[in-house]
Amino acid sequence: GAGVSQSPSNKVTEKGKDVELRCDPISGHTALYWYRQSLGQGLEFLIYFQGNSAPDKSGLPSDRFSAERTGGSVSTLTIQRTQQEDSAVYLCASSLASQGSEKLFFGSGTQLSVL
Amino acid sequence: AQSVTQLGSHVSVSEGALVLLRCNYSSSVPPYLFWYVQYPNQGLQLLLKYTSAATLVKGINGFEAEFKKSETSFHLTKPSAHMSDAAEYFCAVRPGSARQLTFGSGTQLTVLP
């Protein structure tokens, strides 16, 4: 596709349920990021994938959060036993490389609401 | 560790007036600095970036930012605001080849007619 695609665009779930958020990066982009954007907050870094290297998971807020990237392309962010404080917009971004100055291309995000 | 501070979560200017959005950073090594913009109902997009080639960086839509090492600042400016500039603006820093791109909390710009 032409850009970073995220699905679903909106997800409403009940507290305690598990959710999966999907990200399709731009073809050929080796770096993939997940961020979380909460109301009134900046973008909170969650996790980063670069090629075949071990992911940087340092931003994951708890062990309920996990992510994987299959075949160096599509990524799935999983939140287990969702809590109300998990409600936020989850943003995915990709870039050609990760050498510092490259531009990130963002998807439109998944709005997660935990009731 | 790096951090970014954006002064003013909301800024309002009149159409045609100067836009000034403030960003200060902390970094233990020379950083790469970015401004991203998020228009209503759209994804974030890069406005401009500083990569040490020049301290004054020009971006899209008439915006520019100046890297001032002595002040650890990277403020975003535009001489004359347009209604279409209304959006949320995020400053971001990445020290050297660090993996993380750290964002500020954002500044919502409102342009008044």
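These remarks concern the structure in this document. Keep in mind that this is a model prediction, so the values were computed, not measured.

Attention now goes to the sheet that holds strand β3 (residues 19-24) of chain A. Residues and elements named next belong to chain A. Across the sheet, which stays open at both edges, the four strands sit in the order β1-β3-β7-β6 with antiparallel pairing between neighbours. Unpaired on one side and paired on the other, β1 (5-7) and β6 (65-69) mark the two borders of the sheet. Within this sheet the neighbouring strands show an average axis-to-axis angle of 15 degrees, counted without direction. Direction of pairing for β6 relative to strand β7 (residues 75-79): antiparallel, over a ladder of five bridges. Across the sheet, the residue bridging to Glu68 is Thr76, located in β7.

With that settled, the discussion passes to the interface of chain B and chain A. Facing the 20 residues of chain B at the interface are 24 residues of chain A. Overall, the association of chain B and chain A removes approximately 1700 Å² of surface from exposure, summing both partners, and the carbon and sulfur fraction of that is 53%. On inspection of chain B and its partner chain A, the count reaches one salt bridge. Our enumeration of links across chain B and chain A arrives at five residue pairs in polar contact (both at pLDDT 80 or more). Among the residues making up the side of chain B that touches chain A, the classes are represented as eight nonpolar, eight polar and four charged.

The next point concerns the pattern of salt bridges. Residues and elements named next belong to chain A. A complete count under the given rule lists six salt bridges over all chains for this structure. Between Arg36 and Glu44 there is a salt bridge; the shortest N-O distance is 3.0 Å. For Arg36, a relative accessible area of 10% puts it in the buried group.

On to the side chain of Glu102 of chain A. Among the structural elements, Glu102 of chain A can be located in the loop between β8 (88-95) and β9 (105-106). If sequence neighbours within four positions are ignored, Glu102 of chain A has contacts with Tyr33, Ser95 and Ala97 of chain A together with Phe34, Lys49 and Arg94 of chain B.

Before going further, it helps to examine the pairing of strand β8 (residues 64-68) of chain B. Here is the key point about a regular strand: its side chains alternate between the two faces of the sheet. Residues and elements named next belong to chain B. Residue alternation in β8 divides its side chains into a buried set, Ala65 and Phe67, and an unburied set, Glu64, Glu66 and Lys68. Here strand β7 (residues 56-58) runs beside β8; their pairing, made up of three bridges, is antiparallel. Bridging across to β8, Leu56 finds its partner in Glu66. Between β7 and β8, which pair antiparallel and follow one another directly, the connecting turn spans five residues, one of which, Asn61, has a positive phi of 60 degrees. If you look at the hairpin formed by β8 and strand β9 (residues 73-78), you'll find four residues sitting between the two strands, and Thr72 has a positive phi there, around 45 degrees.

Reading the values: rules and limits
Residues numbered from 1 in each chain as written. Chains lettered and ligands numbered in written order. Predicted model: local features only at pLDDT ≥ 70, side-chain atom pairs only at ≥ 80, totals over all residues. Heavy atoms only, no water. Pairing = 2+ DSSP bridges. Helix = DSSP H or I, 4+ residues; strand = E, 2+ residues; numbered from the N terminus. Axes fitted to C-alpha atoms, helices over the stretch in contact; angles between N-to-C directions. Contact = heavy atoms within 4.5 Å. Buried area = accessible area lost by both parts, 1.4 Å probe. Salt bridge = Lys/Arg side-chain N within 4 Å of Asp/Glu carboxyl O. Polar contact = N/O pair within 3.5 Å; in protein donor to acceptor, adjacent residues only side chain to side chain. Nonpolar A, V, L, I, M, F, W, Y, C, P; charged D, E, K, R; others polar. Buried < 20%, exposed > 50% of the residue type's maximum accessible area, 1.4 Å probe, protein only.

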